[in-house]
Structures are given as structure tokens and as C-alpha cells.
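Chain by chain, the residues:
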Amino acid sequence: MNPADFVSIVLAAGMGTRMKSRLPKVMHPLLGRPMICYPVQAAFDAGATRVVCVVGHGADMVTSELRARFAERVLMALQPEQRGTGDAARCGAAALPDWNGWFVIQYGDSALLTCAAIAALVAHASASTGPLALLTSTLPDATGYGRILRDAQGRIVRIQEQKDCTPEQRAIQEWNPGVYAIRADFFRASIGKLTTNNAQGELYLTDLVALAAADGGVADLAWDAAELHGVNDRAELGLRERELSQRIALAHMKNGVTLRSPASICIEPGVTIEPDSVIERDVTLRGKTAIARDVHIDVGCVLTDTTVGEGAKLLPYSVATESVIGAGAKIGPFAHLRPGTELAEDVHIGNFVETKKTRVGKGSKANHLAYLGDGQIGRDVNVGAGTIFCNYDGVNKHVTTLEDGSFIGSDSQLVAPVTIGRGAYVGTGTTVTQDVPADALAIGRARQVNKLDLAPRLRARLLADKARREKK
Ligand code: UD1
Ligand code: CA
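Because the structure is a prediction, the values reported are computed rather than measured. Once a new chain begins, its residue numbering starts again from 1 and follows that chain's sequence as written. The naming scheme follows written order: chains are lettered A onward, ligands numbered 1 onward. Reporting of local features is limited, given that this is a predicted model, to residues whose pLDDT is at least 70; pairs of side-chain atoms are given and counted only at 80 or more, and all residues count toward the totals for whole chains, interfaces and linings. Side-chain metrics rest on all non-hydrogen atoms present in the structure, leaving aside hydrogens and water.

Peer 1: Describe the overall build of the protein chain, naming the residues involved and giving the relevant values.
Peer 2: If you tally the helices and strands in the protein chain, you get 9 helices and 40 strands. What you see for the protein chain is a C-alpha radius of gyration of 32 Å, clearly larger than the 23 Å of a compact globule of 472 residues, by over 25%. Overall size of the protein chain, expressed as C-alpha extent along the three principal axes, is 105 × 65 × 40 Å. Burial status follows relative accessibility: with a 1.4 Å probe on protein chains alone, a residue under 20% of its type maximum counts as buried, one over 50% as exposed, and anything between as partly exposed. For the protein chain, the residues scored as buried account for 46% of the 472 residues in total. Between two residues, a contact is recorded if the distance between any of their heavy atoms is within 4.5 Å. Taking contacts inside the protein chain between residues at least 6 apart in sequence as the whole, the part at least 24 apart equals 41%. Areas reported here follow the Shrake-Rupley algorithm with a probe of radius 1.4 Å; residue values treat only the protein chains shown as occluding. Taken as a whole, the protein chain presents about 22,400 Å² of accessible surface, with 52% of it coming from carbon and sulfur. Neither His nor the chain ends contribute to the count of charged residues, in which Lys and Arg are positive and Asp and Glu negative. One atom stands in for each charge, and that atom is NZ of Lys, CZ of Arg, CG of Asp or CD of Glu. Both charge centroids of the protein chain, one from 52 positive and one from 51 negative side chains, sit 9 Å from each other. Comment: elements are numbered from the N terminus, with helices defined as DSSP H or I runs of at least four residues and strands as E runs of at least two. Using C-alpha atoms as the atom set, the radius of gyration is obtained and then compared with a globule rule of 2.2 Å times the number of residues to the power 0.38.

Encoded structure:
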């Protein structure tokens, strides 16, 4: 075993009372994924051999989330009763009875902790002689956190929880971020010595610090508070989400993406964006959205699990979910691409056009006001304004097929299942209920009649009727 080999124990069994929520605290999402995913990911990224997550409150929910995301790589340990962080850590360590390297212990609500912080702590711990190392940080006002107490020589002697602090201790600015590296042998020998003799009547993990101070000393590594804050209530949840969002925005900008008004843009962690793309203000990019080079995403767009090809343009306020947008395509403003939309290169989908489970071939256009659901649209098709694919009969969904080069006149209804053949033409205002053969012209509307000179007579009659009504 390498001297710096470590396993992480992430404590996530608490209620999170201050969240005032039915949802367990660690399941509250931060940028689209439950909070618990962040410390677990950071532990893996830092090189943890194993990660144990301690669950209790909402155990089933937390377990299925972590299983879905990390499969068997995460071990789950149950803390049957929430008796404090010391008890939780003991439950976690019990899942790895043979481990004799370092235990890194982290809190499930430390969502901003980076893998760099964990790796630096482990390196620091392995270079020290003592059995325990921890990160420390300072804030002008550390209210709420455990405070770090040092002796006259500056050595850490213990951690005092906020609720156990004297007024003088509350003025201490150095606080405990709650990230520890503890030698497994020391941990096992000491964890049983904790008592509930404190303001909250809990077994405090932090009391191990005093035991380590008396048994080889405590190594400490100062770290930036910005990466260490926890989430205890919804105000802190909001702040952490904003900080995380800014961290992600910064990384994209450094990577060659222009973000205009980055503070107004929300990009979830799983999103990829290639250089020279431009994202305007108030854009939200979620899930596994992937954006190629030279894409322009204008104000107010919301993309979820959507792939955007090189050079595509999304005009303001377009919404796309589980869709594929081809290279050079032009979407919006106000377009709505619903799941299963697949647009080839150079497709135009204009304002107030809704698509769902529809494929559109290269160069085809639907520029205004249309519903295209369950469609198979070929290349170079033109779909006129107001076209509706009548895909649903109240029970089943049916497919509308528009073959290459066909032309659908404005305000047409295509009653699916129906096929418009290659190069065929549907006249404006037609309700199509039968297949249209290739190169045919389909017109299905009443013939127009012009009654000459009838307009003045009609107008005179309408005015006379109105005058009679008003006299009454
Ligand atoms: C804890 C630290 C405090 C530190 C702060 C940093 C202790 C006693 N205090 O306080 O020194 O400054 O974090 O953010 O450790 N948990 C369990 N089982 C339990 C209790 C808690 O799994 O029985 C989990 C919670 O789910 C949570 C984490 O441990 O993820 C921390 O618990 P929390 O109550 O938030 O501790 P703090 O009061 O913030
Ligand atoms: Ca906390």
C-alpha cells in the first residue's frame, strides 16, 4: 500500500432539520444533481480507493441515487440512529474493517469541496507524523461552525462546537471545515472514547481532534473558505449553487467559450461546450447537453440533454429537451424542441414551432407556427406556417412522413398516419387524410366564389342592424 492510499467516508445520515424539508438534506439538488453526488465525486477524483457513504435519514433514496450514479463503486453503510458525526464515522469505518491506510472523513453537505483540497490534505497527512490531519480556514465571522482551539505554541488542542463555545471562543475566526485524514489504527482505537457530554448530547467526530492532539499531534492545512462552506439551510443552498455555477462558468471561459453576463448563465456540471461558442445571458444548459464549436446560443434559451452541432444558431428563448440539433441549423426565436427531435444539418425551425419525436432531414424548413409531432421529414422539405401534424387520435400516436423535396402549404392539417410523396405539393389550407403520391398536388378546400358588388350591400345591411340595436 502506498503511504498516501486513502478511503473516503462521506457522512450523509443526518436529517438536515434546518432545511425544513421532507427531502433529506443531501438529496436537495445543486445544479441539477443531488448534493451528495459532489463530495462523493470529489473523493473519487482525488483518488480514493473506496468511498463509503453513511446513510440513515432517507437511506433508500440516497442509496438508489448513488447506485444509479456510481454503481458498486460506492459502499453504503447504515447509521440506524443519528447519534452524531462521531457515531456516523464509526458506522462508515465498520464497512471496511480491514483497511489500514488513511480514512478521509467528509460531510455530505460540503458540496464545494474540490478534489484538490482532499488530495492536498492526504499528502499533508502522509508527510506528518501524527495520526490526524485536518483542513482549517478562517472567516471574519465563523458563526455556526466548530472553532479551532490552539495552545500558546499555536498547536491545535481541540475543536469546540458553536453551541459549546464560550463568548470568547465564539470570537475565534479559525473554523473547522470538517475534512479530516485519520489513520485507521488510531481511528479504531479512539472512536469508542467519544462521549455525549456536550450541548447537543451527540457523539462529536470533532472530539477525535483532542485525542489526536494528546497522541502524536494534529497536522493542519489552511485552505480557502470558498471551497469549504457547508449547506445547512436553504439560504446556504442558494449561495452554494451560485458559487458552484460561477466555478463552472469560469472553467468554460478559460476553455475558450464566451459567456456574456456569466453570473446570469446556469451550466450544470455534465455539460460540455467546445471553444469559440458564444452563450448569451440568461441561458440554462442542463444534464448531458453537448455543444460543438462556433455555436451561438442567444438570450433565454433552455437546453436539457441536447446535442448541438457546429455552427448552429439558437435564437432567443428557444427550449430543447433530449434533442439533436445538426450543424448549421437555425432554431427559434421561441422554438420548442421536445424529446426525440433530430434535426439534420442546416435545418431551420422558426418561431412558435413545436417538434416532438420528429426527424427532419438536411436543409428542411418549418419557419413559423407549426406542430410537428411523430414526423419523418426528408431533405429540402418546406413546411408552411400553421401546419399541424394531427398525430394523436385520442388513443394512439401515428406517424406523418414528408418525403424529400415535398412542400406543405400554410395552414394544412396532416392527419396521421399519412405520407406526402417525394416532390409532392399540398395546397394551402388542405386537410390531408390520404397519402399524396410523389409529384402530385393535393388540394382539399372548398372552392372560392366571388359575388361581385356584394360588399357595399352587405356593409349597409350590417350598419342598419347596428343602428336599430343601439336605438332600443
Ligand atoms: C459539523 C462539525 C463542525 C464543522 C461543520 C462544518 C461536528 C460535531 N461538527 O457541524 O465542527 O464546523 O460540520 O460544516 O462534526 N451526520 C450523520 N449522522 C449524524 C449526524 C450528522 O451522518 O448522526 C452527517 C450529516 O448528514 C451531515 C454531516 O454529518 O452531512 C454534518 O452534520 P451537520 O449536522 O451538518 O454538522 P454541523 O453542525 O454543520
Ligand atoms: Ca453542516
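Once you've had a look at it, read on.
Peer 1: Mind laying out the side chain of Asp109, listing which residues take part and the relevant values?
Peer 2: Tracing the sequence through the fold places Asp109 in the loop between strand E6 (102–107) and helix H4 (115–127). On the basis of relative accessibility, which here comes to 12%, the residue Asp109 falls in the buried class. Apart from residues no more than four positions distant in its own chain, Asp109 is found in contact with Lys25, Val26, Met35, His229, Gly230, Val231 and Asn232.

Peer 1: Can you break down the pairing of strand E5 (residues 74–78) residue by residue, with the values?
Peer 2: Each pair of strands is called paired provided DSSP finds at least two bridges between the two strands. By the bridge criterion, 5 bridges tie strand E4 (residues 51–55) to E5 in an arrangement that is parallel. By the bridge assignment, Val51 is partnered in E5 with Val74. Handedness of the β-α-β unit built from E4, helix H2 (residues 59–70) and E5 comes out right-handed. Clockwise travel from the first strand over the helix to the second, with the strands pointing away from the viewer, marks a crossover as right-handed.

Peer 1: An account of the site of ligand 1 is requested, with residue identities and associated values reported.
Peer 2: For ligand 1, the set of nearby residues contains 23 residues, the closest of which are Ala13, Gln79, Tyr107, Glu161 and Asn176. Asn232 is positioned with one of its side-chain polar atoms (N or O) 3.4 Å from an oxygen atom of ligand 1. In terms of residue class, the shell around ligand 1 is built from 8 nonpolar, 10 polar and 5 charged. We call a residue near a molecule or strand when any one of its heavy atoms sits within 4 Å of it. Pairing of N or O atoms within 3.5 Å defines a polar contact, subject to two protein rules: one partner must be a possible hydrogen donor and the other a possible acceptor, and residues neighboring in sequence count only if both atoms are side-chain atoms. Think of it as three bins: nonpolar holds Ala, Val, Leu, Ile, Met, Phe, Trp, Tyr, Cys and Pro, charged holds Asp, Glu, Lys and Arg, and polar takes everything else, Gly as well.

Peer 1: Can you lay out the coordination of the calcium ion (ligand 2) for me, pointing to particular residues and giving the numbers?
Peer 2: Shown as donors are all N, O and S atoms within 2.8 Å of a metal ion, widened to 3.2 Å for Na, K and Ca; because water is not in the atom set, sites may appear incomplete. Within the protein, Asp109 (OD) and Asn232 (OD1) serve as the donor atoms for the calcium ion (ligand 2), at 2.3 to 2.5 Å. Within this pair, whereas Asp109 is found in the loop between E6 and H4, its partner Asn232 is found in the loop between strand E12 (218–222) and helix H8 (234–254), the two being separated by 123 residues in sequence. Given the relative accessible area of 16%, Asn232 is considered buried.

Peer 1: Account for the pairing of strand E11 (residues 180–183), with residues named and values stated.
Peer 2: Judged from the 4 bridges that link them, E6 and E11 form a sheet pairing that is antiparallel. Along E11, the bridge assignment pairs Phe103 with Ile182.

Peer 1: Got a sec to walk through the side chain of Arg240? Specific residues and values, please.
Peer 2: Relative to the helices and strands, Arg240 is located in helix H8. The exposure class assigned to Arg240 is buried, which follows from its relative accessible area of 4%. If near-sequence neighbours (up to four positions away) are discounted, Arg240 is found in contact with Leu30, Leu112, His229, Gly230 and Val231.

Peer 1: Kindly report on H4, identifying the contributing residues and their values.
Peer 2: Expected span of a helix: the number of residues minus one, times 1.5 Å. With 13 residues, H4 ought to run about 18 Å at 1.5 Å a step, and its terminal C-alpha atoms sit 18 Å apart, in line with that. Within the sequence span of H4, burial applies to Ala117, Ile118, Leu121, Val122 and Ala125. Relative to the axis of H4, the buried residues are bounded by an arc of 130° and lie together on one face. Looking at the buried residues of H4, the elements they touch are strand E1 (6–12), helix H1 (37–45), E6, strand E7 (132–138), E11 and E12. Here the arc refers to the set of directions running from the helix axis out to each C-beta atom.

Peer 1: Quick one: what's the story with the packing of H1 against H2, residue by residue and with numbers?
Peer 2: Packed helices, taken two at a time, are described by the angle their axes make and the gap between the axes. Lines fitted to C-alpha atoms define the axes here, with helix axes fitted over just the stretch in contact, and angles between the N-to-C directions of these axes take values from 0 to 180 degrees. Here H1 crosses H2 at 40°, and the two axes come no closer than 11 Å. Between H1 and H2, the angle falls in the class oblique. Judged by the twist between their axes, the crossing of H1 over H2 is right-handed. Contacts from Cys37, Val40, Gln41 and Phe44 of H1 reach H2 at Glu65, Leu66, Arg69 and Phe70. Of the residues assigned to the contact of H1 with H2, the class counts are 5 nonpolar, 1 polar and 2 charged. Should an angle lie under 35 degrees it is considered roughly parallel, over 145 roughly antiparallel, and from 65 to 115 roughly perpendicular; all remaining angles are considered oblique. Crossings are assigned a handedness: left-handed for a near helix turned anticlockwise from the far helix by less than a right angle, right-handed for a clockwise turn.

Peer 1: Which residues make up the state of the cysteines, and what are the values?
Peer 2: In this description, the term disulfide denotes a pair of cysteine sulfurs within 2.5 Å. Applying the stated criterion to the full structure yields 0 disulfides. Cysteine Cys266 is unpaired, with the sulfur of Cys301 as its nearest cysteine sulfur at 14 Å. Take Cys266: its relative accessible area is 23%, and that puts it in the partly exposed class.

Read these as spatial facts, not as claims about activity.
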